[in-house]
Amino acid sequence: MNEPVQASPVSSTTEHAGLPLPAGHETHRVLNQAQPSVGFNAFTDDAVLRGVVERHAPWTADNAAALGALAGDESVQEAARLANENGPQLRSHDRYGNRIDWVEFHPAWHQLMALAWEHQVPSLAWTTAEANGHLARAVQSYLWNQIENGVGCPTGMAYAACAGFEGRPAFALFREKTLARSYDPRRVPLAEKSGAVIGYAMTEKQGGSDLRETQTAGTFAGVEDGTRVYLLTGHKWFFSVPVADGFYTLAQTESGVSCLFVPRFLPDGSANRVLLQRLKDKCGNRSNASSEVEFDRTWSLLVGEEGRGIREILTHAHLTRLDFAVGSAGLMRQALTLALNHASTRNGFGQVMAQLPMQANVLADLALESEAATLSALRVARATDAMQTSEEERLLARVATPVTKFWNCQRASYFVYEALQVHGGNGFIMENPIARLYREAPLNSIWEGTSNMMCMDVLRALIREPRALDVFMNEVTCDGDLDAAHATFLVRLRDDLSARPLDEGNARPLVTRMALALQASELRRHSPATVADRFIDSRIGGKHGGVLGTLASGPDLGDIVARATVGARQIETGPPSAPQNRASHTTTSKPAITAVTALPTRERSTAPNLPSRA
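Because the structure is a prediction, the values reported are computed rather than measured.

Definitions and limits used
- Counting of residues starts from 1 at the beginning of each chain's written sequence and follows it residue by residue.
- For a predicted model such as this one, the threshold for reporting local features is a pLDDT of at least 70, and the threshold for listing and counting side-chain atom pairs is 80 or more; totals across whole chains, interfaces and linings nevertheless cover every residue.
- Hydrogens and water are ignored here; the side-chain numbers use all heavy atoms of the structure.
- Each helix is a run of DSSP H or I of at least 4 residues and each strand a run of E of at least 2, with the numbering of both proceeding from the N terminus.
- Between buried and exposed lies partly exposed: a residue is buried under 20% and exposed over 50% of the maximum accessible area for its type, with that area taken using a 1.4 Å probe on protein chains only.
- In this analysis, two residues are considered to be in contact whenever any of their non-hydrogen atoms come within 4.5 Å of each other.
- Note on areas: Shrake-Rupley with a 1.4 Å probe; residue coverage comes only from the protein chains shown.
- In this scheme, strands are said to pair when DSSP sees at least two bridges between them.
- Only protein atoms enter the 1 Å grid, on which a cavity is a set of points fitting a 1.4 Å probe that cannot get out and a pocket is an open set with protein on both sides within 12 Å along at least 5 of 7 lines, lining residues being those with an atom within 4 Å of a point.
- Grid points are joined across faces, edges and corners, and a volume is the space filled by probe spheres set on the points.
- Under the scheme applied here, ten amino acids are nonpolar (Ala, Val, Leu, Ile, Met, Phe, Trp, Tyr, Cys and Pro), four are charged (Asp, Glu, Lys and Arg), and all others, including Gly, are polar.
- Between rings of Phe, Tyr and Trp, where Trp is taken as its six-membered ring, a pair exists when centres lie within 6.5 Å; planes separated by under 30 degrees are stacked, by over 60 edge-to-face, and by other angles tilted.
- A side-chain nitrogen of Lys or Arg and a carboxyl oxygen of Asp or Glu constitute a salt bridge if their distance falls within 4 Å.
- We call two N or O atoms a polar contact when they sit within 3.5 Å, provided that within protein one can donate a hydrogen and the other can accept it, with sequence-adjacent residues counted only if both atoms are side-chain atoms.
- Only residues above 30% relative accessible area that lack a salt bridge enter a patch, with like-charged residues linked at up to 9 Å and the nonpolar side chains Val, Leu, Ile, Met, Phe, Trp and Tyr linked at up to 5 Å.
- Here an angle of 0 to 180 degrees is reported between the N-to-C directions of two axes, which are lines fitted to C-alpha atoms, with helices fitted over the stretch in contact.
- Oblique is the label for any angle not under 35 degrees, not over 145, and not in the 65 to 115 range, which are roughly parallel, roughly antiparallel and roughly perpendicular in turn.
- Crossing handedness is defined as follows: a turn of the near helix away from the far one that is anticlockwise and smaller than a right angle gives a left-handed crossing, while the clockwise case is right-handed.
- The pLDDT value expresses, per residue, how confident the predictor is, ranging between 0 and 100.

Undergrad: I would appreciate a short explanation of the overall build of the protein in the present structure.
TA: A tally of regular secondary structure across the protein gives 19 helices and 13 strands. Split into buried and exposed, the 614 residues of the protein put 57% on the buried side. Contacts spanning at least 24 positions in sequence make up 73% of the contacts within the protein whose residues lie at least 6 apart. Counting every atom, the protein has about 25,100 Å² of accessible surface; 51% of that belongs to carbon and sulfur.

Undergrad: I'm lost on the pairing of strand β6 (residues 217-224) in this one. Help?
TA: Residues in a regular strand project their side chains so that they alternate between the two faces of the sheet. Two elements, β6 and strand β7 (residues 227-240), share seven bridges in a ladder whose sense is antiparallel. Paired with F220 across the two strands is Y230, which belongs to β7. What sits between the antiparallel neighbours β6 and β7 is a turn of two residues, in which D225 has the positive phi angle 50°.

Undergrad: What am I meant to see in the layout of surface pockets here?
TA: Vacant regions in the atomic arrangement are exposed by a probe of water-molecule size rolled over the atoms. Reported here for the second largest pocket is a volume of approximately 930 Å³. Around the second largest pocket sit 38 residues that line it, and Q77, L338, E431, N432 and P433 are the ones nearest its centre. Every element with two or more residues in the lining of the second largest pocket is listed here: α2 (61-71), α3 (74-85), α9 (309-344) and α12 (433-440). The element best represented in the lining of the second largest pocket is α3, accounting for eight residues. Its residues assigned to classes, the lining of the second largest pocket comprises 14 nonpolar, 15 polar and nine charged.

Undergrad: Teacher, can you tell me more about the packing of aromatic side chains here?
TA: We describe a pair of aromatic rings using the distance from one ring centre to the other and the angle between the two ring planes. Within the structure shown, the criterion is met by 18 aromatic pairs. On the numbers, 6.0 Å between centres and 40° between planes, the contact of F406 with W407 is tilted. Note on F406: relative accessible area 3%, which makes it buried. An aromatic cluster is built from F165, F171, F174, Y200, Y248 and F261, whose rings are joined through pairwise contacts.

Undergrad: How should I be thinking about the pattern of salt bridges in this particular structure?
TA: When the charged atoms of two side chains with opposite charge come close together, those side chains can pair. All chains considered together, the criterion is met by 36 salt bridges. Residue D323 pairs with R137 through a salt bridge whose shortest N-O separation is 2.6 Å. Of this pair, D323 sits in helix α9 while R137 sits in helix α6 (residues 133-144), placing them 186 residues apart in sequence. Take D323 and R137: they sit in the same class, and that class is buried. Note that E465 is salt-bridged to R394, the shortest N-O span being 3.2 Å. Of this pair, E465 sits in the loop between α14 (451-464) and α15 (468-476) while R394 sits in helix α11 (residues 391-423), and the two are 71 residues apart along the sequence. For E465, a relative accessible area of 21% puts it in the partly exposed group. Of the residues examined, R394 reaches a relative accessible area of 22% and is grouped as partly exposed. Salt bridges sharing partners connect three or more residues here, namely R379, E393, E475, E522 and R525.

Undergrad: Please clarify how helix α1 (residues 47-56) should be interpreted in this entry.
TA: Owing to its 3.6 residues per turn, the α-helix brings residues three or four apart onto one side. Those residues of α1 that sit buried are V48, L49, G51, V52 and V53. For α1, the elements touching its buried residues are α2, α6, α10 (357-385) and α19 (556-564). Two to three positions downstream of the cap, the backbone nitrogen of V48 sits 3.0 Å from a side-chain oxygen, assigning the N-cap of α1 to D46.

Undergrad: Any chance you could explain the side chain of N361 here in plain terms?
TA: With respect to the helices, strands and loops of the structure, N361 is situated in helix α10. Given the relative accessible area of 6%, N361 is considered buried. Dropping the residues within four chain positions of it, N361 is found in contact with G549, T550, L551 and L557.

Undergrad: Whenever I open this one, a nonpolar patch on the surface confuses me. Can you help?
TA: Taken together, the side chains of Y417, F428 and Y438 make up a nonpolar region of the molecular surface, amounting to roughly 340 Å² of accessible area. Among the secondary structure elements, Y417 is positioned in helix α11. When its relative accessible area of 37% is taken as the criterion, Y417 is described as partly exposed.

Undergrad: I keep staring at the packing of α6 against α9 and nothing clicks. Help me out?
TA: Relative orientation and spacing of two packed helices are given, respectively, by the angle between their axes and the distance between those axes. Direction vectors running N to C along α6 and α9 enclose 45°, while the axes themselves pass 8 Å from each other. By the angle between their directions, the pair α6 and α9 is classed as oblique. Read as a crossing pair, α6 and α9 show a hand that is right-handed. For the pair α6 and α9, the contacting residues are H134, R137, A138, S141 and Y142 in the first and L319, D323, V326, A329, G330 and R333 in the second. Here the residues of the contact of α6 with α9 sort into five nonpolar, three polar and three charged.

Undergrad: It is not clear to me how the pairing of strand β3 (residues 89-93) should be interpreted in this structure. Could you clarify?
TA: Inspection of the sheet shows β3 paired to strand β4 (residues 99-104) by four bridges, in the antiparallel sense. By the bridge assignment, L90 is partnered in β4 with V103. Where β3 folds back on β4, the antiparallel hairpin that results is connected by five residues, among which G97 adopts a positive phi of roughly 95°.

Undergrad: Just to check I follow, could you spell out the confidence of the model for the protein for this structure?
TA: Detailed reading of the predicted coordinates is not advisable wherever pLDDT falls low. A residue-level look at the protein finds 88% of positions with pLDDT of 70 or above and a mean pLDDT of 90. Confidence drops under a pLDDT of 50 for residues 7-12, and excluding neighbours within four residues, the segment shows five contacts in the predicted structure. Considering only residues more than four positions removed or in separate chains, one finds that residues 572-614, a stretch of pLDDT under 50, has 114 contacts.

Undergrad: Before we go on, may I ask you to explain the packing of helix α16 (residues 484-498) against helix α17 (residues 507-526) in this structure?
TA: One way to put it is that α16 packs onto α17 with a least axis distance of 11 Å and a crossing angle of 140°. When the axis of α16 is compared with that of α17, the two are oblique. In this structure, the crossing between α16 and α17 has a hand that is left-handed. On the side of α16, the interface is formed by H486, F489, L490, R492, L493, D496 and L497, while α17 contributes L510, R513, M514, L516, A517, A520 and R524. Looking at the contact of α16 with α17 residue by residue, the class counts come to nine nonpolar, one polar and four charged.

Quick look at the structure:
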């Protein structure tokens with residue numbers, strides 16, 4: 001990495017460094033700017049993630065390395081920028097007045113979608129015959145969330161959708177196309193496509209997260225190939241991925257709220273009545289389309305048992321909640337990478353910024369938070385893999401999924417805020433990627449259940465699953481000696497979780513403590529003692545000021561930061577030294593994408609030429 005250039009004073013407007021300036025020439029020189037965060041591999045350079053894969057799924061290392069190279073690829077980063085700066089546009093009608101209910105995207109969106117599908121971000125859990133497929137797929141999602149977050153919505157939905165397709169012959173073609181490694185954006189019937197995208201449309205104006213308040217009505221209309229058909233009338237207030245080839249929704253039928261699947265096209269090849277009303281103007285996630293939709297005798301297929309729609313959707317929600325816990329950890333990792341890069345390639349007050357004592361403390365604290373979030377989310381993914389074979393892992397997944405979704409998504413916003421502060425005013429400008437992350441960070445706390453809903457779900461699981469408490473406490477009670485503060489913390493946590501009735505008003509502090517206990521146990525098992533001890537002392541032992549950057553000073557902070565650094569450089573907290581030249585860093589060969597058939601778009605800036613898949 002290039003050493004920040006030292007400024008020389010300008011003695012007048014007509015002279016610089018003793019030399020005259022031509023008339024109309026520069027007014028100043030651009031000096032001491034951070035270098036772009038490029039040229040790294042988000043998998044092979046990440047000691048934490050690499051360690052998880054080596055321990056539990058070594059077979060997927062090549063998959064992860066190929067995707068990890070994209071995170072540091074400058075052309076892919078440019079595609080992410082373009083997709084967010086040139087957001088989707090609704091096309092309700094064609095130029096002749098025919099209703100088409102479609103969304104137009106910038107070409108960069110289609111290029112990113114093609115990359116995600118090629119690298120099995122939606123599908124790896126379902127297509128591999130190897131052990132720990134959900135963990136391997138979580139690694140891909142973690143890496144993708146360091147590339148572009150909007151695409152993480154359709155990848156996560158496609159991942160969860162396959163749980164509803166599995167074992168149901170009427171949806172076999174949808175499952176096959178969803179699991180394909182080919183992205184096909186064309187608006188044509190499913191049988192003509194090489195791959196499929198799946199969406200969800202659940203919430204309504206009056207109900208929000210309370211799906212029991214669904215107003216949309218489903219009227220039984222017959223049977224198609226052994227599956228009950230319903231015609232839907234109503235609306236949905238949030239419908240993400242409105243160009244999906246099919247989507248899950250809920251409607252009131254004679255037996256209660258039921259789960260229905262709406263295909264984009266009818267069996268005869270004509271378009272279904274999916275009436276897009278408008279696109280949401282969102283705070284973040286701007287590359288991805290979220291819409292409002294109305295149903296007018298819209299054709300749908302029953303999924304599962306009539307009247308048991310919420311229960312059916314909750315089987316999918318476990319996977320989407322896991323994906324958001326993983327996705328927030330990935331977003332935090334990207335923010336950490338940007339902060340470390342900025343602080344190590346820019347000078348301040350006579351030193352490399354990363355070597356300033358307070359800045360070093362902030363960076364080390366961010367690194368601790370990121371490692372803990374990563375390990376806890378991937379532990380839940382491993383439990384998900386074993387849900388069918390181990391009752392203990394099923395119970396752990398049942399409790400730890402909402403715990404981790406609550407905490408990782410909750411912490412992401414504050415984490416990114418601190419990472420943005422490392423950048424100073426430059427970080428608050430939208431052309432800086434950290435600003436995009438700042439707008440993105442709150443979203444995962446809202447999708448698939450808010451923080452309050454996650455805490456309520458944890459309490460519900462502890463009450464309905466009597467063994468869940470013992471399983472969770474056994475998981476977080478590590479082998480070996482614990483220091484007094486950690487041991488006391490766990491004893492008090494068990495006592496408070498054993499109390500009946502559990503106080504809903506106290507749910508947030510209880511679940512926060514559960515999250516910290518899980519993170520501490522993972523760090524003790526898998527991280528260097530320096531990392532685990534610092535985390536436990538600060539988060540559990542009280543040796544912390546409550547905000548990031550309030551660790552006790554010590555030489556070990558430099559080791560913590562170095563462990564978190566990606567790329568060729570190492571950050572020291574001792575005397576200033578010149579950062580290494582990042583240009584000398586080599587990565588794995590860059591994966592590439594094939595051209596995709598993009599829908600017609602209005603004239604906008606075009607996507608970069610991403611490397612082609614060779």
